Amino acid sequence: MKILIVNAGSSSLKYQLVDMDGEKMLAKGLIERIGMPEYGHHECKIGGEKVLDWKDGRILSHVEACQMMLAALTDKEYGCIKDMSEIGAVGHRVLHGGSQITESVIITPEVEKVIEDNIPLGPLHNRANLQGIQACKAVMPDTPMVAVFDTAFHQTMPPKAYMYGVPYEYYEKLHVRRYGFHGTSHRFVSKRTAEFLGKDPKELKMIVCHLGNGSSLSAVNGGKCVDTSMGLTPLEGVIMGTRSGVMDPAVLQFICNSEKIDINEMLNICNQKSGLVGISGVSNDMRDVDTAASEGNERAILARDMLIYGIKKYIGAYAAAMNGVDVIVFTAGIGENNCRLREDVMKDMDFMGAKLDVEKNNELAWPHVHEAIISAPDSKVTICVIPTNEEIAIARDTKELVEAASK
Ligand code: ADP
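Criteria and cut-off values
- Residues numbered from 1 in each chain as written.
- Predicted model: local features only at pLDDT ≥ 70, side-chain atom pairs only at ≥ 80, totals over all residues.
- Heavy atoms only, no water.
- Helix = DSSP H or I, 4+ residues; strand = E, 2+ residues; numbered from the N terminus.
- Pairing = 2+ DSSP bridges.
- Contact = heavy atoms within 4.5 Å.
- Axes fitted to C-alpha atoms, helices over the stretch in contact; angles between N-to-C directions.
- 1 Å grid on protein atoms, 1.4 Å probe; cavity = no way out; pocket = protein on both sides within 12 Å on 5 of 7 lines; lining within 4 Å.
- Points joined across faces, edges and corners; volume = space filled by probe spheres on them.

**Q** Explain unusual backbone geometry here, please?
**A** Note on backbone geometry: most residues besides glycine have negative phi, and most peptide bonds are trans. Across the junction of Trp 366 and Pro 367, the peptide omega takes the value 5°, indicating a cis bond. On the secondary structure map, Pro 367 appears in the loop between helix H14 (358-363) and strand E13 (372-373). Although it is not a glycine, Asn 323 sits at a positive phi angle of roughly 55°. Relative to the assigned elements, Asn 323 resides in the loop between helix H11 (298-321) and strand E12 (327-331).

**Q** Explain the environment of Leu 60 to me, please; I cannot follow it from the model alone.
**A** Tracing the backbone through its elements, the reader meets Leu 60 in the loop between strand E5 (49-54) and helix H1 (62-73). For the pair Leu 60 and Arg 33, spaced 27 residues apart in the sequence, the C-alpha separation amounts to 9.0 Å.

**Q** Would you explain the sheet that holds strand E3 (residues 24-32) in this entry?
**A** Within a sheet, each strand pairs with its neighbour through backbone hydrogen bonds, oriented either parallel or antiparallel. Reading across the sheet, the eight strands line up as E5-E4-E3-E2-E1-E6-E8-E7 and stay open at both edges, with mixed pairing between neighbours. On the outer flanks of this sheet lie E5 and strand E7 (105-106), each paired with one strand and no other. As defined by bridge partners, strand E1 (residues 2-8) adjoins strand E2 (residues 13-19) across seven bridges and the pair is classed as antiparallel. Pairing of Lys 2 across the sheet is with Asp 19, part of E2. Contacts between helix H3 (residues 123-139) and the sheet are confined to E1, strand E6 (87-94) and strand E8 (145-149), with E6 contributing the most and set at about 165° to the helix.

**Q** Can you help me understand the sheet that holds E12 in this one?
**A** With respect to topology, six strands assemble into an open sheet ordered E11-E10-E9-E12-E14-E13, the strand pairing being mixed. At either margin of the open sheet sits one strand with a lone partner, and together these are strand E11 (224-228) and E13. Here strand E9 (residues 205-211) runs beside E12; their pairing, made up of five bridges, is parallel. From the neighbouring strand, His 210 faces E12, where its bridge partner is Thr 331.

**Q** What's the story with the layout of surface pockets in this structure? I'm lost.
**A** Empty space among the atoms can be located by rolling a probe the size of a water molecule over them. As a volume, the second largest pocket reaches approximately 810 Å³. What lines the second largest pocket is a set of 29 residues, among which Glu 103, Phe 153, Arg 187, Lys 191 and Asp 397 lie closest to the centre. When residues of the lining of the second largest pocket are assigned to their parent elements, the largest contribution, eight residues, is made by helix H6 (residues 183-197).

Dropping the structure here:
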């Protein structure tokens with residue numbers, strides 16, 4: 001079966017076509033500036049080779065973007081499928097399923113309603129995700145569709161982990177609570193880690209460190225998420241490329257009043273101008289921050305130290321929450337590639353029985369990233385690197401649900 005994976009943003013649409021026979025990626029594309037007054041852009045790679053780099057006109061809607069995607073995939077000259085009947089199902093990445101959705105689901109009108117109802121909790125993404133679903137349905141009316149939610153894996157958290165200390169009525173009335181994000185990655189990586197170690201996930205206490213441009217950590221006990229660092233929105237947690245991470249909320253009021261800016265502008269600053277870029281003044285990309293730090297840039301050193309310290313604190317907290325930890329796993333752009341950062345995070349963690357094998361860790365850096373154990377033989381905690389693959393996780397869920405429904 002061939003599965004199309006779609007990730008729709010407000011003005012963009014990313015897609016991948018995967019042949020589930022061998023889980024081979026056949027095509028990958030990006031359509032940008034949908035609905036914008038300037039010209040749009042459509043880039044498509046087939047078999048890893050760029051076959052299309054179109055920027056010749058406007059793209060008026062997501063429906064038009066979906067038509068362009070299908071046209072590229074089925075193109076007589078460079079396409080990889082004959083027609084769209086070869087696409088067995090579409091898996092949509094969706095941000096927010098609220099507390100109603102705890103796993104991937106076949107898209108029905110009820111599921112669309114849940115995505116719509118959760119727009120207030122993920123305004124930019126959920127609205128766009130829904131647009132993407134509706135556009136695909138318009139151009140592929142007979143193809144089954146599945147929604148895979150970023151929040152779903154975290155919905156096993158107990159109330160003591162997901163509630164905030166504000167009056168209970170805000171939870172009842174407005175559903176204010178921690179939801180957590182990157183769930184597809186945390187689920188994929190925690191499951192894959194257990195498989196890789198030849199262990200039953202039920203026996204493991206695991207801390208998953210998904211460190212990318214957006215970063216989140218989760219505590220996974222017996223295969224179930226019991227806590228995670230992102231919150232009502234992806235702003236909470238460690239400092240990220242452009243996000244501030246957790247802080248005293250009074251900081252917001254103080255800055256707003258002092259600088260005469262409103263809360264929306266302030267949150268924009270917290271989401272887009274803070275974190276690594278805000279502290280270092282160099283970049284949101286950890287590679288640039290690392291380079292500047294190694295040249296002695298003090299603010300870059302500080303940004304790096306803050307990230308490392310934040311990760312350490314969450315690891316400590318989650319080990320305490322689970323009464324121990326068996327595995328610490330690193331994943332995503334920084335977690336997989338940045339051996340220096342892993343080394344600094346794991347420094348002085350022997351109090352909890354976690355000891356890195358520095359040499360093994362150093363061997364595992366870009367471009368030599370693969371699944372590996374990087375802890376010392378006498379470490380009580382297994383430390384490993386497991387590359388994430390959210391697309392494959394979405395494709396697998398989609399295939400499984402569609403096959404089960406057709407039985
Ligand atoms: P996103 O959250 O956008 O999916 P990624 O998981 O791609 O982000 O992570 C982006 C981060 O990973 C950047 O800060 C970048 O510095 C880091 N990164 C990505 N590739 C490499 C690499 N080859 N070597 C070191 N760092 C990398």
